Amino acid sequence: MKILVTGGTGYIGSHTCLALMAAGLEPVILDNLCNSKLSVLKRIEEVAGKAPVFYQGDIRDPALLDRIFQEQQIAGVIHFAALKAVGESTQKPFEYFENNIAGTLSLLGAMRRAGCYRFIFSSSATVYGDPQAVPIQEDFPRSTMSPYGRTKLMIEQILEDMQKADPRWSMTLLRYFNPIGAHESGRMGEDPQGIPNNLMPYITQVAIGRRDCLNIFGNDYPTKDGTCVRDYIHVMDLAEGHVKAWQVCGEQSGLHIYNLGTGQGVSVLEMVHAFARASGLKINYKLVERRPGDVAECWADPAKAQRELGWKATRTLDDMTRDSWRWQQANPNGYEE
């Protein structure tokens, strides 16, 4: 069974392709490589033992999308392709709306033309804004604090409206918390372009000597040690969550919404110390002023996913940090062409 994976050479997309292949499914990757590298395909083939079908191009290209649906027997779509940096989105809101929202509409249009109605959306915990409480449940109010977050929320609303209007659709919204880690082989991991926007790749780049120091934004939050608390989830647990969502929800029309997280909050300082244990290195960091838009605590109640999908995150914080360090040590410059 073939599944179109948009953004399939990106960090989460590539690991999800591995999980799909391990489950006997066939990912067909579409990626414009704006945030990833072509060499990822060789690594997928190396780890999985088979090369996925790949199309280089953009989800905003309707002719290309139509060709993919005509050439491949696509059973459904897992949609990762998006611009994703919160800070950058405040500087380039038009680019984020045009790429993320117009791109998704283009993709949905191609699916309708092809008669394909199984859709899994890569959403985010950012749609909860500054949550009213933790742990966060799927029925909590939604709000956003950045143009990036607004694209995720607006796409969710588009999918909800489309499913309501046409019950043939199976729309699954997976709200990620904070993916980190790497494949246990050390051959695949996170390779951000430029300065990392996320905590773990910044820590690993400090550890490997590519960055001098980690900035920790704020130590006066109302948390256990004053630093922000997040729900960090191993990328392979997250990838396997997509497989479960496909297996359970793909055949069911309707709207399906799940948090994918561990249900445990970890502070920035706790993460730094956990990585230091895994690597045996001292991580240079300095405390600086708060960053606009950061919330104090954000972690999931993943009970619904466990109850309905039979999915639960199983990898520990030590697994996450150890796998991240193995990847960075073996690939000090990330994926190289």
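Cut-offs and rules
Residues numbered from 1 in each chain as written. Predicted model: local features only at pLDDT ≥ 70, side-chain atom pairs only at ≥ 80, totals over all residues. Heavy atoms only, no water. UniProt positions renumbered as here; feature names shortened; annotations may be inferred. 1 Å grid on protein atoms, 1.4 Å probe; cavity = no way out; pocket = protein on both sides within 12 Å on 5 of 7 lines; lining within 4 Å. Points joined across faces, edges and corners; volume = space filled by probe spheres on them. Helix = DSSP H or I, 4+ residues; strand = E, 2+ residues; numbered from the N terminus. Nonpolar A, V, L, I, M, F, W, Y, C, P; charged D, E, K, R; others polar. Buried < 20%, exposed > 50% of the residue type's maximum accessible area, 1.4 Å probe, protein only. Pairing = 2+ DSSP bridges.

- The name an unreviewed UniProt entry gives the chain is UDP-glucose 4-epimerase, with Tolumonas auensis as the organism.
- Recorded in UniProt under Catalytic activity (unreviewed entry), the annotation for the chain is "UDP-alpha-D-glucose = UDP-alpha-D-galactose".
- Entered under Subunit (unreviewed entry) in the UniProt record, the comment concerning the chain runs "Homodimer."

1. Brief notes about empty space enclosed by the protein
For step 1, the next point in the chain: Following the criterion strictly, the structure yields two cavities of 30 Å³ or more and no others.
For step 2, the next point in the chain: When contributions to the lining of the largest cavity are tallied by element, the ones reaching two or more residues are helix H7 (199-208) and helix H11 (317-330).
For step 3, the next point in the chain: A per-class count over the lining of the largest cavity returns four nonpolar, four polar and one charged.
For step 4, the next point in the chain: There is about 30 Å³ of room inside the second largest cavity.
For step 5, the next point in the chain: The wall of the second largest cavity is formed by Glu-190, Asp-191, Pro-192, Pro-201, Thr-204, Gln-205, Arg-210, Trp-327, Gln-328 and Gly-334.
For step 6, the next point in the chain: Those elements giving two or more residues to the lining of the second largest cavity turn out to be H7 and H11.

2. Quick notes on the pairing of strand S4 (residues 74-79)
For step 1, the next point in the chain: The buried fraction of S4 amounts to six of the six residues, a majority that puts the element mostly inside the structure.
For step 2, the next point in the chain: Here five bridges tie strand S1 (residues 2-6) to S4, and the two strands are oriented parallel to one another. Pairing of Ile-3 across the sheet is with Gly-76, part of S4.
For step 3, the next point in the chain: In the sheet, S4 pairs with strand S5 (residues 118-124) via three bridges, with the strands oriented parallel.

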